[in-house]
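# Structural overview
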Amino acid sequence: MLPQNTKESVKERRIFRYTLADAWEYTISQVDVLEGVEKGNVRCLYFNTPGMHADTNVDSLIITISQNYIDMIKNAMLSHLDVCRYKEIEFPMVLDGFINTFEFAPKESFSNIITVFNIFAFRDAANVGIVGNPPYKGKEVLKLYDDISKILSDNGVDQKYLSLDYQLPRRPEERLKK
């Protein structure tokens, strides 16, 4: 018989993953949020590829956020479970671009992966055409991602891991102008 003060253990499982890839499906960045892990429950990768996929440098970040923040991420997904269930998103008319993949798994019995091309095109200020009729599902996925992204960035995850598109590193002379 187990003592009464024994905590029920939660098995390790991923509750959220975001991946940014280029049009050729090469991963640029990835963020995983895990539940049931005491330390290192947020794991990030960033692939800095200065030239045609040669000489790739990999940056990684492993941090620990409290269970309270894990619960906030799960609650954001649970409060928008209809968004997490989307199977298909409208297609923005952007040539080339990026592939954004979101995996939502707020509870053990539910997991869904949503792939969106160029989700940044669903921002209100974006000036691109979108195939489909309003309201756009892509905007709803973006709103949910923004909520999760804010929780992660407030807890130390650098924006380069959370970016929706890839910003080429500026040349040194351009950095000095800012």
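As a further point, take the overall build of the protein. From N to C terminus, the protein includes 5 helices and 8 strands. Each helix and strand of the protein, ordered N terminal to C terminal, gives the series β-β-β-β-α-α-β-β-β-β-α-α-α. Of all 178 residues assigned to the protein, the portion counted as buried reaches 40%. Looking at the protein alone, contacts between residues at least 24 apart form 58% of all its contacts between residues at least 6 apart. Taken as a whole, the protein presents about 11,100 Å² of accessible surface, with 51% of it coming from carbon and sulfur.

Here the focus is the pairing of strand β2 (residues 27-35). Within β2, 8 of the 9 residues are buried, which leaves it mostly tucked inside the rest of the structure. In this sheet, β2 lies alongside strand β1 (residues 13-22) in antiparallel orientation, the contact comprising 8 bridges. Paired with Ala-21 across the strands is Thr-27, a residue of β2. The pairing of β2 with strand β3 (residues 42-48) spans 5 bridges and is classified as antiparallel. Counterpart to Ser-29 in the pairing with β3 is Tyr-46.

Attention now moves to a nonpolar patch on the surface. Together, Phe-91, Met-93, Phe-117 and Val-131 give the surface a local cluster of nonpolar side chains, amounting to about 380 Å² of exposed area. With respect to the element layout, Val-131 can be found in strand β8 (residues 130-131). When its relative accessible area of 48% is taken as the criterion, Val-131 is described as partly exposed.

As for its placement among the helices and strands, Ala-76 is situated in helix α1 (residues 67-79). C-alpha of Ala-76 to C-alpha of Leu-144: the two residues are 68 residues apart in sequence and 7.0 Å apart in space. Discounting residues that sit within four places of it in the chain, Ala-76 has contacts with Leu-144 and Ile-148.

Another point: the environment of Lys-139. With respect to the helices, strands and loops of the structure, Lys-139 is situated in helix α3 (residues 137-154). For the pair Lys-139 and Asp-124, spaced 15 residues apart in the sequence, the C-alpha separation amounts to 8.7 Å. Apart from the residues within four sequence positions on either side, Lys-139 is in contact with Phe-122 and Asp-124.

Our next topic: the nonpolar core. Formed by 42 residues in total, the largest nonpolar core has its most connected members in Phe-16, Val-42, Ile-73, Phe-104, Ile-148 and Leu-152. Looking at which element gives the most residues to this core, the answer is α3, with 7 residues.

Turning our eyes to something else, we now look at α1. With 13 residues, α1 extends 18 Å between its outermost C-alpha atoms, agreeing within 8% with the 18 Å of an ideal straight helix rising 1.5 Å per residue. Turning to α1, its buried residues are Ile-70, Ile-73, Lys-74, Ala-76 and Met-77. Projected down its long axis, α1 shows its buried positions confined to an angular sector of 155°, all on one face. Buried residues belonging to α1 abut β1, β2, α2 (81-84), β6 (98-107) and α3.

In this section: the pattern of salt bridges. All told, the structure shown has 9 salt bridges when counted by the stated rule. Linked through salt bridges whose partners overlap, the residues forming this network are Arg-13, Glu-35 and Lys-74.

Further remarks concern the confidence of the model for the protein. Detailed conclusions should not be drawn from predicted coordinates in areas where pLDDT is low. Chain-level statistics for the protein give a pLDDT mean of 84 and a share of 83% at 70 or above. Per-element confidence in the protein is highest for α1, whose mean pLDDT is 97, and lowest for helix α5 (residues 172-177), whose mean pLDDT is 42. Long-range and interchain partners of residues 1-7, a stretch whose pLDDT sits below 50, account for 0 contacts in this model, where long-range means more than four residues apart. Counting interchain partners and residues more than four positions distant, the pLDDT-below-50 stretch residues 169-178 has 3 contacts.

Helices that pack against each other are described as a pair by the angle of their axes relative to one another and the distance between those axes. Viewed as axis vectors pointing N to C, α1 and α3 meet at an angle of 175°, and their least axial separation amounts to 10 Å. The angle between α1 and α3 places the two elements in the roughly antiparallel class. Residues Tyr-69, Met-72, Ile-73, Ala-76 and Met-77 of α1 lie in contact with α3, whose contacting residues are Leu-144, Ile-148, Ile-151 and Leu-152. In terms of residue class, the contact of α1 with α3 is made up of 9 nonpolar, no polar and no charged.

Thresholds, definitions, all that
- Residues numbered from 1 in each chain as written.
- Predicted model: local features only at pLDDT ≥ 70, side-chain atom pairs only at ≥ 80, totals over all residues.
- Heavy atoms only, no water.
- Helix = DSSP H or I, 4+ residues; strand = E, 2+ residues; numbered from the N terminus.
- Buried < 20%, exposed > 50% of the residue type's maximum accessible area, 1.4 Å probe, protein only.
- Contact = heavy atoms within 4.5 Å.
- Areas by Shrake-Rupley, 256 points an atom, 1.4 Å probe, with all protein chains shown as cover.
- Pairing = 2+ DSSP bridges.
- Patch = residues over 30% accessible without salt bridge, like charges linked within 9 Å, V, L, I, M, F, W, Y side chains within 5 Å.
- Salt bridge = Lys/Arg side-chain N within 4 Å of Asp/Glu carboxyl O.
- Core = buried A, V, L, I, M, F, W, Y, C linked by side-chain atoms within 4.5 Å.
- Expected span 1.5 Å × (residues − 1).
- Arc of directions from axis to C-beta.
- pLDDT = per-residue confidence, 0-100.
- Axes fitted to C-alpha atoms, helices over the stretch in contact; angles between N-to-C directions.
- Parallel < 35°, antiparallel > 145°, perpendicular 65-115°, else oblique.
- Nonpolar A, V, L, I, M, F, W, Y, C, P; charged D, E, K, R; others polar.

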